[in-house]
Amino acid sequence: MSRPGNWWRRKSTAQQVETYTRWSFHFFAVIEVAAFGLPAFSQVGTPLSGWLLLVVGVHALCCAVTASRAIDWTRGRREQPVRLLIMLGAVTALLAIAAIGLAERGPDTDGVDTVAGSLFGGVLSFGAGTLALGIRNRRRVFAVVTGFAAGGGITAFPLGMPGSTALATAVVVLVGAGFLAFTSLFSVWLLNAVYALDEARETRARLAVAEERLRFGRDLHDVMGRNLAVIALKSELAVQLARRERPEAVDQMIEVQRIARESQREVREVVRGYREADLDTELTGAQGVLRAAGITCEVTGESAGLPAGVQSALGWVVREAATNVLRHGDAERCTVTLRVAEGRVVLTVENDGVRGPGEGRGSGLAGLRERLSAIDGELRAGPAGKGLFRLTAEVPLPESVGEPGSVLLPAGEVAS
C-alpha cells in the first residue's frame, strides 16, 4: 500500500510546479468566495446574502475552470479555451454591472453599499486576472485590464455615482486586476521555464548516452575499417592467383587469416575496454554528467589498488546508477561512497530522487546483479527513507590479490 505522499513524490519537479500552480488558481476561487461572498451574511439580510453568495460562487467556479483549461492550453495539451474566456468575460461584466445596480437601486443601507462595492472590485479583478492566463500577448492582457477598469468607471455614471467615486473605483479595479494579471503571467512564465529546464536536463542525459555510443562506434570503425579493406584486397588477389594456379595464393590466404585473427583480437580489446571501464574514469564521468544535469554529486573513497575485475564490475554499477538518476529520478543531490571493509569493497550510491513503486527492479539492475553474482558480489537497491533512494554493491576482494599471475576476470568473460 502506497503512502499518502507518494503521489506527490512520484512527480517530477516540473509536474510538481504545474500542480502547485494549478491548485493556486483553484485556491484563488476559494479566496474570492471567502472575501466577497461570505461577508454578505453579516452585512445584509439573509435572502439577499444567499443570492450574493451563489453569484460569487458561480463566478469563482467559472474562474477555476477557465484557469485549469488555460494552463492545459499553455502546456499544449488542448486548444485555446476561447469560448470559456468569452463566457468568463461576459459573466464578469454582468456581475459588475449588477453590483453597481445593487449599490444604487438596492436597500439603502451601509452594509449593502459595502458589499456591492467589494463585489464590484473583486469580480472585475479576479476575472481579469484569470483571463490573462488564456492570453499570451502582453498587450492584449494590458488591454483587458485597462478595459475592465475603464468600463467599471464609465458604467458607474449612468447609475448615478459621483465622478470622484467612479474614478476611485476604476483605479482600484486597475490595481487589483493588474496585480492578479501580473501574477498569472509570471506563473505561466515560471511553469514554462521549469519545463524547459527539465527538458534540457533530459536532453543532456540523452546526449551523454549518444556521445558514448558514437565513441564506441568510432573505435570499432577505426579498428575494423582498415583491416577489412586489407582483407578484401588480399582475398581478391588470392582469387586471381588461384585461378592462375599460382602457389602464392596460399600465402595470401594465410595472410588474410592472420589479419582476421588480428582484427578479432583488436575488436575484443575495444569491447573489453568498453566493458572494463576504469572505476576512477566512471566516477569522474558520472560526477561530470550529473553536475551538467544540475545535480550536485559528491564522490568519496579511492579505487587505487583494487583488482581490475573488481573495478570493472563496480564501474558498471556506477554507470548504471548514474543513468538511473538521470532517467528515472528527480534528484537534486547524489553521493557516491567507496570503501573497503572486512575483505569486501562496498560501493554506495544515494540520491534524493524519489522513484515509483515499480522502479529499482529494471533490466539494468537485473543485469548488474548477474554480473556481480559471477564474482560472488551482491546488489541492493531501494528507498532509504525521507525521499532517498540507495543502491549498494558489495564485491569480495579475491584472496589471491597481490600474488603473481593472479587475474580476476570480469563477469561475462572467459579466458581464451
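Before any of the text, the structure's been laid out above.
We now turn to the structure provided with this report. What you see is a predicted model; the values in this text were computed from it and never measured.

1. Focus on the nonpolar core
If you look at the biggest cluster of nonpolar residues, it comprises 33 residues, and the most contacted ones within it are L314, V317, L347 and L379. Elements with a minimum of two residues in this core: α10 (279–292), α11 (308–327), β2 (333–341), β3 (344–351), α12 (363–373) and β5 (388–396). With ten residues, α11 is the single largest residue contributor to this core. Not counting residues up to four positions away in its chain, the partners in contact with L347 are L314, V317, V318, V336, T337, L338, L391, T392 and A393. Judged by nonpolar contacts, the second largest core, of 31 residues, contains C63, L85, A96 and A128.

2. Digging into the pattern of salt bridges
Summed over the entire model, instances satisfying the criterion amount to 15 salt bridges. R246 is the salt-bridge partner of E248, the closest N and O atoms lying 3.3 Å from each other. For E248, a relative accessible area of 31% corresponds to the partly exposed category. Residues R380 and E394 are paired through a salt bridge, measuring 3.1 Å at the closest nitrogen-oxygen approach. Taken together, the residues R380 in strand β4 (residues 378–385) and E394 in strand β5 connect sequence positions 14 residues apart. By relative accessible area, E394 is classed as buried at 15%. Each of the salt bridges in this network shares a partner with another, and the network as a whole consists of E18, R22, D72, R77 and R78.

3. Focus: the packing of aromatic side chains
Counted under the stated rule, the structure contains five aromatic pairs. Between F36 and F126, the aromatic rings sit 6.0 Å apart at their centres with planes inclined by 75°, giving edge-to-face as the arrangement. Of this pair, F36 sits in helix α2 (residues 13–36) while F126 sits in helix α6 (residues 110–133), and the two are 90 residues apart along the sequence. F126 carries the same exposure label as F36, and that label is buried. Following the ring pairs from residue to residue traces out a cluster consisting of F25, F28, F36 and F126. Sitting over the face of the ring of Y195, R75 holds its NZ or CZ atom 3.8 Å from the ring centroid. The lysine or arginine in question, R319, covers the ring of W316, its NZ or CZ lying 5.0 Å from the ring centre.

4. Section: the environment of V325
Residue placement: V325 occurs in helix α11. Judged by its relative accessible area of 2%, V325 falls in the buried class. In this structure the C-alpha to C-alpha distance between V325 and G353, which are 28 residues apart in sequence, comes to 7.1 Å.

5. Concerning the sheet that holds β5
Pairing in this open sheet of five strands is mixed, and the strands run β1-β2-β3-β5-β4 from one edge to the other. Each end of this open sheet is capped by a strand with a single partner; those strands are β1 (296–300) and β4. Ignoring which end each strand starts from, the neighbouring axes of this sheet average 15° apart. Bridge count for β4 against β5 is seven bridges, and the pairing is antiparallel. Pairing of G385 across the sheet is with L388, part of β5. The sheet contacts of α11 involve β2, β3, β4 and β5, and relative to β3 the element is tilted by about 10°.

About the thresholds
Residues numbered from 1 in each chain as written. Predicted model: local features only at pLDDT ≥ 70, side-chain atom pairs only at ≥ 80, totals over all residues. Heavy atoms only, no water. Core = buried A, V, L, I, M, F, W, Y, C linked by side-chain atoms within 4.5 Å. Buried < 20%, exposed > 50% of the residue type's maximum accessible area, 1.4 Å probe, protein only. Helix = DSSP H or I, 4+ residues; strand = E, 2+ residues; numbered from the N terminus. Contact = heavy atoms within 4.5 Å. Salt bridge = Lys/Arg side-chain N within 4 Å of Asp/Glu carboxyl O. Phe/Tyr/Trp six-rings, centres within 6.5 Å; stacked < 30°, edge-to-face > 60°. Lys NZ or Arg CZ within 6 Å of the ring centre and 35° of its normal. Pairing = 2+ DSSP bridges. Axes fitted to C-alpha atoms, helices over the stretch in contact; angles between N-to-C directions.

Scope: geometric values only; no functional claims are made or implied.
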